[in-house]
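Here is what each chain is made of, one letter per residue.
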Amino acid sequence: MSNLVIVGAQWGDEGKGKITDYLAQKADYVVRYSGGDNAGHTVEVDDVKYKLHLVPSGILFSDKKCIIGNGVALNPMSLLKEIEYLNGLGVEVKNLQISDRAHIIFPYHIEIDKLKEEERGDKKIGTTIKGIGPCYVDKAERSGLRLCDFKYIESFIEKLTKNIKKKNKLIESYYNATPLDVEKTLKDSIEALEKLEKYIVSTSSVIRVLKDAIKANKKIVFEGAQATLLDIDFGTYPFVTSSHPGAAGICIGTGLSPYDLDAAMGVVKAYTTRVGMGPFPTELFDKTGDFIREQGFEYGTTTGRPRRCGWLDIVMLNYSIDVNGISSIALTKLDTLSDIEKIKICTAYEVDGNEVKLFPSSLEELKECKPVFIEMDGWSLKEIEKASTYEELPENAKKYVKKIEELTGVNCDIVSVGPQRQQTFMRKEMLK
Ligand code: GDP
Ligand code: IMO
Ligand code: MG
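Residues numbered from 1 in each chain as written. Chains lettered and ligands numbered in written order. Predicted model: local features only at pLDDT ≥ 70, side-chain atom pairs only at ≥ 80, totals over all residues. Heavy atoms only, no water.

(A) Representation of the domain arrangement of the protein in the model. Splitting the protein by domain gives domain 1 (3–99 + 201–265), domain 2 (103–196) and domain 3 (268–426). Listed per partner, the contact involves 41 residues of domain 1 and 42 residues of domain 3. In total, domain 1 and domain 3 occlude about 3400 Å² of area from one another, counting both sides; carbon and sulfur atoms represent 59% of this. Where domain 1 packs against domain 3, one counts 2 salt bridges. Its salt-bridge partner being arginine 307, residue aspartate 13 comes within 3.0 Å of it at the nearest N-O pair. At the surface where domain 1 touches domain 3, the tally comes to 27 residue pairs in polar contact (both at pLDDT 80 or more). With 5 residues, helix H1 (residues 16–24) is the largest single contributor of residues to the side of domain 1 that touches domain 3. Residues belonging to the side of domain 1 that touches domain 3 are distributed by class as follows: 20 nonpolar, 12 polar and 9 charged. (Domains from an automatic or database assignment. Contact = heavy atoms within 4.5 Å. Buried area = accessible area lost by both parts, 1.4 Å probe. Salt bridge = Lys/Arg side-chain N within 4 Å of Asp/Glu carboxyl O. Polar contact = N/O pair within 3.5 Å; in protein donor to acceptor, adjacent residues only side chain to side chain. Helix = DSSP H or I, 4+ residues; strand = E, 2+ residues; numbered from the N terminus. Nonpolar A, V, L, I, M, F, W, Y, C, P; charged D, E, K, R; others polar.)

(B) Quick peek at the site of ligand 2. By nearness alone, 20 residues border ligand 2, and Lys16, His41, Thr128, Gln226 and Thr241 come closest of all. Side-chain polar atom of asparagine 38 to an oxygen atom of ligand 2: 2.9 Å apart, as the coordinates give it. In this structure, glycine 126 approaches ligand 2 through a main-chain N or O atom, which is 3.3 Å from an oxygen atom. Here ligand 2 loses 98% of its free accessible area of 550 Å² to cover by the protein chains. Looking at the shell around ligand 2, its residues break down into 7 nonpolar, 10 polar and 3 charged. (Near = heavy atom within 4 Å. Areas by Shrake-Rupley, 256 points an atom, 1.4 Å probe, with all protein chains shown as cover.)

(C) Quick peek at the nonpolar core. Leu334, Leu337 and Tyr400 are the most contacted members of the largest nonpolar core, which totals 53 residues. Of the residues forming this core, the biggest block, 4 residues, is contributed by helix H13 (residues 395–408). For this core, the two domains that each supply at least three residues are domain 1 (3–99 + 201–265) and domain 3 (268–426). Ignoring anything within four residues of it in the chain, the contact list for leucine 337 reads Ala270, Tyr271, Ile292, Gln295, Trp311, Ile343, Trp379 and Tyr400. Counting residues in each nonpolar core, the second largest holds 43 residues, with Leu60, Leu79, Ile112 and Ala192 among its members. (Core = buried A, V, L, I, M, F, W, Y, C linked by side-chain atoms within 4.5 Å. Buried < 20%, exposed > 50% of the residue type's maximum accessible area, 1.4 Å probe, protein only.)

(D) Fine view of unusual backbone geometry. For the bond running from tyrosine 237 to proline 238, omega is 5°, close enough to zero to count as cis. Looking at where proline 238 falls in the secondary structure, it is placed in the loop between strand S10 (220–223) and helix H8 (249–254). The backbone of asparagine 217 sits at a positive phi, close to 60°, despite the residue not being glycine. In this structure, asparagine 217 sits in the loop between helix H7 (203–215) and S10. Positive phi, close to 60°, is recorded for lysine 333, a residue that is not glycine. Summarising the element assignment, lysine 333 is placed in the loop between strand S15 (326–332) and strand S16 (342–351).

Okay, structure coming up:
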């Protein structure tokens, strides 16, 4: 297997960063293909906590080539900040290439994201206010600006000025808010893009590089951001992001063909979390939910918001497995479920006395879904902390893993019991 897709199987924050970093040890390329700096991927190595938003997690290895694909919505100022932050931690950002068809997030996207959320009031999506939605809106509406446009500075300035003025009209007259300073917005954007120019390469060359890498049996890890249930088509619309975080997003977000991809590994948290609003059938509103939040330190990497916590949902997971063609699971945060006497797994929903095993499309139907649970016996943190191999895990933890495999028909080939690289049990060699 030459390339592997790492995809979030739930509502994000499953530990994609950690798993990508782990697998990157064997990879030649690490590629981000969708989303933007709404992502927050934490990687812990030797007690240093790296928080990545746009830069692929492979950057922590000096010899890995990192690519930001054309499907990414790129905020130049945010990327510069991240590069400085990494430099400050002693990480050199030299092996980075950015595909030039990527759309640019400008300050007006962020402002409009904020204003739209305020307007939605109690129906807000709970976005990260990074301008993601408004940037993809402009992309679909065909008024967005791409990195490749920056090469032609005069027409770039002309188009950007027009966009700022248009958005200012919306900001002022519809939202009754303060317009952006046109000159400052132009200046800041141009300055940031100039500093990034050395990383920008044509999308055709990215495709060529990746195709050649595949031909030469080089190893590629595609680092998913967000997750399947946040996908604009397959997620809990409208409580989703505006991109395609799933495996299918790789083709759109890099230029590779579906026939180039070898396999997808779904990163699955041993329970479920969600940050932001929207349906969550197995959500816990009790002490157990609070316990999981504290033990798992479930606070957003990007926004610091407390994450909503609940039991593992197999109906949703099986849907995610279908959508992405997941043939392997990386099960993370098994340690977080320690010291809970009885752990529940949702195996079906009940709607009007009927059993539902297929994930519903509408919010109305999801609201009706009552989770049907099975119960598993728990284990202690002390026991799990002692384990240095999968075999040494407490019996009940292994039973929990086995149950997930039974209910999904997919093997948990990686099991993670802590944030550090070495707290990862690889049960089957990936990227051979
Ligand atoms: P991502 O967005 O999918 O990359 O996930 P985040 O980084 O936003 O959130 C996952 C959090 O869990 C991070 O703080 C990781 O360091 C941490 N983490 C990952 N795997 C494990 C694990 O197995 N156990 C524990 N306790 N923490 C983990
Ligand atoms: P990673 O890659 C968790 C959620 C937001 C909100 C919705 C839309 O770290 O797993 P957006 O700003 O994208 O328009 O917000 O999507 N969201 C995430 N939740 N992890 C993420 O990324 C997320 N990226 C976006 O909270 O509910
Ligand atoms: Mg995250």
